[in-house]
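The lines below spell out each chain.
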Amino acid sequence: MTSVLNEISKTKKAKVKASLAKRKSKEGRFRWYGIVSISSAIMFLVILIASITSQGYTAFYTTEIKLQVSLDHDTLGLINESPDETELFSANYMKALRNALREEIEVNGRKERKALYSFISRGAEYDLRDRVVENPSLVGSEITYWALAGDLSNQYNKGNVDSSIPEDSRKFKDNQIAWFEQLESQGKVRTVFNKNFFTNGDSRDAELAGIWGAMVGSFYTLLVCFCISFPIGVAAATYLEEFAPKNKITDMIEININNLAAVPSIVFGLLGLAIFLNVAELPRSAPIVGGLVLSLMTLPTIIISSRAAIKAVPPSIKDAALGVGASKMQSVTHHVLPLAMPGMLTGTIIGMAQALGETAPLIMIGMVAFIVDVPQGPFDAASALPVQIYLWAENPEKGFAENTSGAIMVLLFFLAFMNSCAVLLRKRLERRW
């Protein structure tokens, strides 16, 4: 009998060991799957960021060409010996730049002159004009001027033009390469920080195009979105969590709020097109409309996160306030909401970060238009940073390709910054009960 029991005990132990070994093996495989998944996600993220950075970092610097520019009256087309500001503003500065460029490079024929003139950006003319208008004493003298290079010469200097391919397959021809290398060998080419990228609005010329107008448009759009969605979202969450009766109507409202959080963003764009533009007749392409549309999209996120923050406040806080004679409204506004505010702000910042990266609803309300001027208010026509990226991505020029990647880098920086603020705010202000 004892031997039989021992055999049964050994059999059970063997089964238990086999079961434990099998379970450990499954746990090891599950852990390995998790490590592989996380490693793959990190690897793809690194590849994505590296790809964008490798294409976009060149947008942050540009090329300038040194010229000896003669600002005599005949070249500028000035009539008066002492021209006023109006006459200086309309003078022919491009002719002065082209004459200086021909002094550096000897060309023959109209075709070669046209190829040489592409070395200078149109923005150089306006920059030189502003300098002369600011300092009229320059008229009649010869100055050393670093002119902004055109897109083709700029891309060649950055190494984005492959000179080894056949001449017919590239826009920057062999004679232009020879001219540029001649200027470079004379020390008349330099690389500088591209301030135009951060201070200019959109432009048809890649070397002049910037993101400042789009950034200001995004700022006004998010400002309108925050001013509308945050108070409404907090008020709705407070009412549903603290004051609303639990019945079929409130249940249906909660279900609809959760469903709205999953609605595609382009649907909100169609709603904004139908209501804000066609019915309310608000200005097209204006940040006020974009902010209204994005506030509708952001509201479910803010309401859900605000309700979760209110639920996280211990009931004893409210009960203690009620116990000392406070009304329900006082207990909520003086005690519950201040303690839940860090969580509410965290959810709001995440919602704002989501709104910052949205493109489809803004395209539907017309913020995809070509806007050169920087908006002065939420009612002015403007673009937004994601829409600007979308517009630039459609252009085949290499300059706009690098501008697209550079703008994506800036957008990712702001998204990472906003999400980091949300994490830091939550860690610094949240209370553990």
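Reading the values: rules and limits
- Residues numbered from 1 in each chain as written.
- Predicted model: local features only at pLDDT ≥ 70, side-chain atom pairs only at ≥ 80, totals over all residues.
- Heavy atoms only, no water.
- Salt bridge = Lys/Arg side-chain N within 4 Å of Asp/Glu carboxyl O.
- Helix = DSSP H or I, 4+ residues; strand = E, 2+ residues; numbered from the N terminus.
- Buried < 20%, exposed > 50% of the residue type's maximum accessible area, 1.4 Å probe, protein only.
- UniProt positions renumbered as here; feature names shortened; annotations may be inferred.

*Asks:* Any chance you could break down the pattern of salt bridges for me, citing the residues and the numbers?
*Replies:* Summed over the entire model, instances satisfying the criterion amount to 10 salt bridges. Across the pair lysine 188 and glutamate 104 runs a salt bridge whose closest N-O atoms are separated by 2.3 Å. Of the two residues, lysine 188 sits in the loop between helix H8 (174–185) and strand E3 (189–193) while glutamate 104 sits in helix H4 (residues 93–104), which places them 84 residues apart along the sequence. For the salt bridge of glutamate 402 with lysine 158, the shortest nitrogen-to-oxygen distance reads 2.7 Å. Taken as a pair, glutamate 402 in helix H18 (residues 398–429) and lysine 158 in the loop between helix H7 (151–157) and H8 lie far apart in primary sequence, 244 residues in all. For the pair glutamate 402 and lysine 158, a shared accessibility class is recorded, and that class is buried. The network of salt bridges with shared partners includes Glu241, Glu254 and Arg307.

*Asks:* Account for the UniProt feature "transmembrane region" (unreviewed entry) in the protein, naming residues and giving values.
*Replies:* The sites that carry the UniProt feature "transmembrane region" (unreviewed entry) are, in the present numbering, residues 32–52, 219–240, 260–280, 286–304 and 406–425. Across residues 260–280, the secondary structure splits into 76% helix and 0% strand, with the terminal C-alpha atoms separated by 23 Å. Secondary structure within residues 286–304 divides into 95% helix and 0% strand; the distance between the first and last C-alpha atoms comes to 29 Å.

*Asks:* An account of unusual backbone geometry is requested, with residue identities and associated values reported.
*Replies:* Phi angles above zero are rare outside glycine, and glutamate 281 is one such case at about 55 degrees. On the secondary structure map, glutamate 281 appears in the loop between helix H12 (265–279) and helix H13 (287–312). Here the phi dihedral of serine 285 falls at roughly 65 degrees; this positive angle occurs in a residue that is not glycine. In this structure, serine 285 sits in the loop between H12 and H13.

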